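Residue strings, one per chain:
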Amino acid sequence: MHTLRMPQSKTHLSAVAIDKAYLKGAHRIPVLRGVDVSVAAGEFISIVGQSGSGKSTLMHLLGLLDAPDMGEVRLNGDRIDNLPARVRDDLRNNVFGFVFQFYHLLPELTLVENVLAPLMIRHGVFSYWGKKNAFLEQAQEILDRVGLGHRLHHRPSELSGGEMQRAAIARALMNQPEVLLADEPTGNLDSHTGGEILDLLCSLNEDEGLTIIMVTHDDYIAQQSQRIVRLTEGRIQELEEAA
Amino acid sequence: MYKLILAIRYLRTRYIALVSIVSVTLGVATMIVVNSVMSGFATEMKSRIHGILADMMIETTSTDGTHDPVALMAEVNRIAGDYIDVMTPTVEIYGMMSFDWAGQTIHRPVTLIGIVPESKNRVSPLAQYMLTRQDLFDDGKLIRGPLRAINDPLTWDLTPEDLQLRREMIEFQQFQQRVEHEFRPQNAGSGVTPVAAEAPAGDAQFDSFLQPAVGSSADSTAEAEDTIVDPFGPSTTQRTPSDPAAPMAARVFLGAGLVSFPYKDRETGGTHMMYMVQPGQDINLTTIKTGIPEPARFKATVVDIFKSGMSEYDSNLVFCNLEELQYARGMITGPDPTNPHQNLNWKDGEITTLQIKLKDYKDAPEVVRRLREELPAAYFSVRTWEQKQGPLLEAVEVESAILNVLLFLIIAVAGFGILAIFYMVVVEKTRDIGILKALGATSEGIMSIFLSYGLALGIVGAGAGVTLGLVFVAYINEIETALSTVTGRKVFDETIYYFQEIPTVVYPSMVAWVSLGAVLIAVLASILPAWRAASLHPVKSLRYE
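I will try to describe carefully the structure that is included in this document. On a predicted model such as this, the values are computed, not experimentally measured, just so you know.

### Focus: the overall build of chain A
When you go through chain A residue by residue, the secondary structure sums to eight helices and 10 strands. For chain A, the residues scored as buried account for 46% of the 243 residues in total. Residue pairs in contact within chain A that sit at least 24 positions apart in sequence constitute 70% of those at least 6 positions apart.

### As for the overall build of chain B
For chain B, the count of helices and strands is 20 helices and 13 strands. A sequence separation of at least 24 residues applies to 77% of the contacts in chain B between residues at least 6 apart.

### With respect to the interface of chain A and chain B
Counting from both sides, the interface comprises 25 residues of chain A and, opposite them, 22 residues of chain B. Sorting the residues of the side of chain A that touches chain B by element identifies α2 (85-94), α3 (111-122) and α4 (125-130) of chain A as the ones contributing at least two each. Along the lines of polarity and charge, the residues of the side of chain A that touches chain B split into 13 nonpolar, five polar and seven charged.

### Comments concerning the packing of helix α6 (residues 161-173) of chain A against helix α7 (residues 191-208) of chain A
Residue and element names in this part refer to chain A. Viewed as axis vectors pointing N to C, α6 and α7 meet at an angle of 15°, and their least axial separation amounts to 10 Å. As summarised for this structure, α6 and α7 are arranged roughly parallel, according to the angle between their axes. Along this stretch, α6 crosses α7, giving a crossing that reads as right-handed. Contacts between α6 and α7 pair G161, G162, Q165, R166 and I169 from the former with T193, E196, I197 and L200 from the latter. Class assignment for the residues of the contact of α6 with α7 results in three nonpolar, four polar and two charged.

### Regarding α2(A)
Along α2(A), the residues that are buried comprise A:R88, A:D89, A:R92 and A:N93. Seen along its axis, α2(A) keeps its buried residues to an arc of 140°; they face one direction. Every exposed residue of α2(A) that faces more than 90 degrees away from the buried side is listed here: A:R86 and A:V87. The secondary structure elements touched by the buried residues of α2(A) are β6 (96-99) and α3 of chain A together with α15 (430-438) of chain B.

### Digging into helix α14 (residues 390-428) of chain B
For the α-helix, the turn length of 3.6 residues means that residues three or four positions removed from each other point alike. Residue and element names in this part refer to chain B. End to end, α14 covers 56 Å across 39 residues, agreeing with the expected 57 Å (1.5 Å per residue, within 8%). Restricting attention to buried positions, one finds in α14 the residues I411, A414, G415, I418, L419, I421, F422 and V426. If you follow the buried residues of α14, they end up packed against α2 (15-20), α3 (22-52), α16 (443-474) and α19 (508-534).

### Comments concerning the nonpolar core
The nonpolar side chains of a soluble globular protein tend to be buried with one another. Counting residues in each nonpolar core, the largest one holds 119 residues, and the members touching the most others are A:L58, A:V115, A:A170, A:I213, B:V28 and B:A522. The residues touching B:V28, leaving out its near neighbours within four places in the chain, are B:I411, B:G461, B:A462, B:G465, B:V466, B:G469, B:V514, B:S515 and B:A518. Ranked by size, the runner-up nonpolar core spans 70 residues in total, among them B:L53, B:I115, B:M310 and B:L371.

### Regarding the pairing of strand β7 (residues 179-183) of chain A
Residues and elements named next belong to chain A. Among the five residues of β7, five are classified as buried, and the element is accordingly described as predominantly covered. Alternating residues of β7 divide into V179, L181 and D183 and L180 and A182, and every residue in both groups is buried. Two elements, β6 and β7, share four bridges in a ladder whose sense is parallel. Residue pairing for β7: F98 is matched across the bridge by L181. Taken together, the five bridges between β7 and strand β8 (residues 211-216) define a ladder with parallel strand orientation. Bridge pairing in β8 places A182 opposite M214.

### Considering the sheet that holds strand β5 (residues 78-79) of chain A
Residue and element names in this part refer to chain A. Strands sit in the order β2-β1-β4-β5 across an open sheet of four strands; the sheet is antiparallel. Each end of this open sheet is capped by a strand with a single partner; those strands are β2 (27-40) and β5. Judged from the 11 bridges that link them, strand β1 (residues 11-24) and β2 form a sheet pairing that is antiparallel. Bridge pairing in β2 places S14 opposite S38. Running over the sheet, helix α1 (residues 55-62) touches β1, β2 and β4 (70-75) and is turned about 120° from β1.

### Focus: the packing of α3(A) against helix α5 (residues 132-145) of chain A
All names here are of chain A. Between α3 and α5, the shortest axis-to-axis distance is 10 Å and the interhelical angle comes to 120°. Here α3 lies oblique to α5, going by the angle between them. Note that α3 runs across α5; the crossing there is right-handed. Taken together, the residues of α5 that come into contact with α3 (itself represented by V112, V115, L116 and L119) are F135, A139, I142 and L143. Looking at the contact of α3 with α5 residue by residue, the classes come out as eight nonpolar, no polar and no charged.

Conventions adopted
Residues numbered from 1 in each chain as written. Chains lettered and ligands numbered in written order. Predicted model: local features only at pLDDT ≥ 70, side-chain atom pairs only at ≥ 80, totals over all residues. Helix = DSSP H or I, 4+ residues; strand = E, 2+ residues; numbered from the N terminus. Buried ≥ 20, exposed ≤ 12 C-beta atoms within 10 Å, placed from the backbone. Contact = placed C-beta atoms within 7 Å. Nonpolar A, V, L, I, M, F, W, Y, C, P; charged D, E, K, R; others polar. Axes fitted to C-alpha atoms, helices over the stretch in contact; angles between N-to-C directions. Parallel < 35°, antiparallel > 145°, perpendicular 65-115°, else oblique. Left-handed = near helix turned anticlockwise from the far one by under 90°. Arc of directions from axis to C-beta. Expected span 1.5 Å × (residues − 1). Core = buried A, V, L, I, M, F, W, Y, C linked by C-beta atoms within 7 Å. Pairing = 2+ DSSP bridges.

As structure tokens, then:
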């Protein structure tokens, strides 16, 4: 039924001829060399590669956490990597959702506060307080969805790895993003828990048509996505349809 | 919103940062305590100076004074009458005081001030410092209560107790004189050598000048007889004028420092005050006449001893009745040429100073300006009491300013502690900063987290400091007592400072400025770490676990 909502032809987010190098002392270490990737709206793709192949860097560039040396990042056909910092901050807040390998929850905040963090960033003190109850309800809904509805007021240190990752996903979903960027979301979890997380991502993609870009080094996990982009030494090696 | 919540959470969870602001707290508390005590001392000192001096004074350039005080007062009233509450005429002149004590004659340089007590007391509340109006303590023990009420009008009357004392003293002295008179011829006869004969003669001359003190010799009694202008009111009118115990026409209030000294009792170890002159006794005063400076001598009865707490005044000033000082200096004569010492009125004489109390001291600069403009500058100088005591007040001010700078430097040093610890916190929070940026936080937002964290730390530190400081000030005397008990040494010696307890004054504006300064330093110290946090690259901060 979702095929209607997923016209595979329409490019949602794309990287065009991206070059990126890091400076290590006086040495310039190229990470990405002329990478072209595009993802259609509602697509779930995996970027696979060895450690150091540049897959995380590619994801950071797509999510505007970093700027390419050359090339462009486009969202719905518009270039976004050269926008003013303030606009890029807004895009990260509204359009992209990030999930990291190490969950990256803020230890000072409770679970529900972590999930609410994107909204806190978007709204000032007064407008946040004004809509506090609506936001709390929204957070509760999302946490229910990822199966953490009963642990709202726990600190991240009191949660297991799987729970933390689910909380991180809930946080990424809080601002109803268009694109979810997941950097090794299962990398730190055992295979069973990792499988659960993956199932969650799949269902988000299928049920809500969320565009997902997942970085992994694990071929088995990559198989769950619709398409795999293989990176070797900073170049696209092959594009393949997942099973 | 996240800035607020994170700043508050950091404040509650980073105890090391709270430790770093302990120095701010201590600095603020110290500044408040020091400032309160210093302004307490300063205020106390000012009120004491003010209690002796007037709001402002018009002084004649010459010590001979101006011959028409009534006209001067009318002129002053015309110029600035709207601002003036009370005026009192005075004569100020240098002089010497001498009295006998323990078989020796003691001389003291003094400033003689002739006053009209009723109006002087309204210009500067002198009466409160008089010892007859206070409890008298010796070594911490009450030895007598006040002999008269503190609000009694200030007059030249002796208290009945002092009058009785005077009577007994004079009777004893007369007895002594009689005895001496009876035995002297034999004594004089025994001294045969010319040198020996000269010596007693010299003594006698010396004695007749200084010793006759308490109305002893015949001539002084005679003088007392014809000069008394009924100083005791109706109750004493029936007293015969020849009463040898009648006080002199000239009466004085003496500064306590002139006639007293503390001494340690070897047996008990306590400190006692020794008064060499008691009210009721007579003293000799020497000053100069107007015109060619000829010495003017007169005897006066001590009516009271005052202790203002300003040692400069207590060991220098002698207040005398104005008319008698004018008469002694030749500034006045009575209406009856055959008896010029009778029915004196200061209005007919000359005065050197006009002391003025203003309705509102805030008007002082304006009044000074007007008076300076209109009064001839060659003859009159117009000054406020602050200008007259300028160097002293300035010294106190400079002292407190330097102390404030030094103490504020302590808080500034604390600022560097905050900076170092903040830097550490930022490094520790590198990953969180990356997350926040990934979630869309702006660099300014990140910066303001740490700035508001610094602000919050500053407020907590300053708040704790203010509380600590104010509590310390409120209980400073109890703390002093406790410290004295623990160390066994007196931290604050009342006899040195004249205060029963440590005076303190807390100005809210001072507290506000100190805490504002401390908060500002905390914020300034957090700028560099906050800026570093803001400029962290999100990817670099996220990459490594």
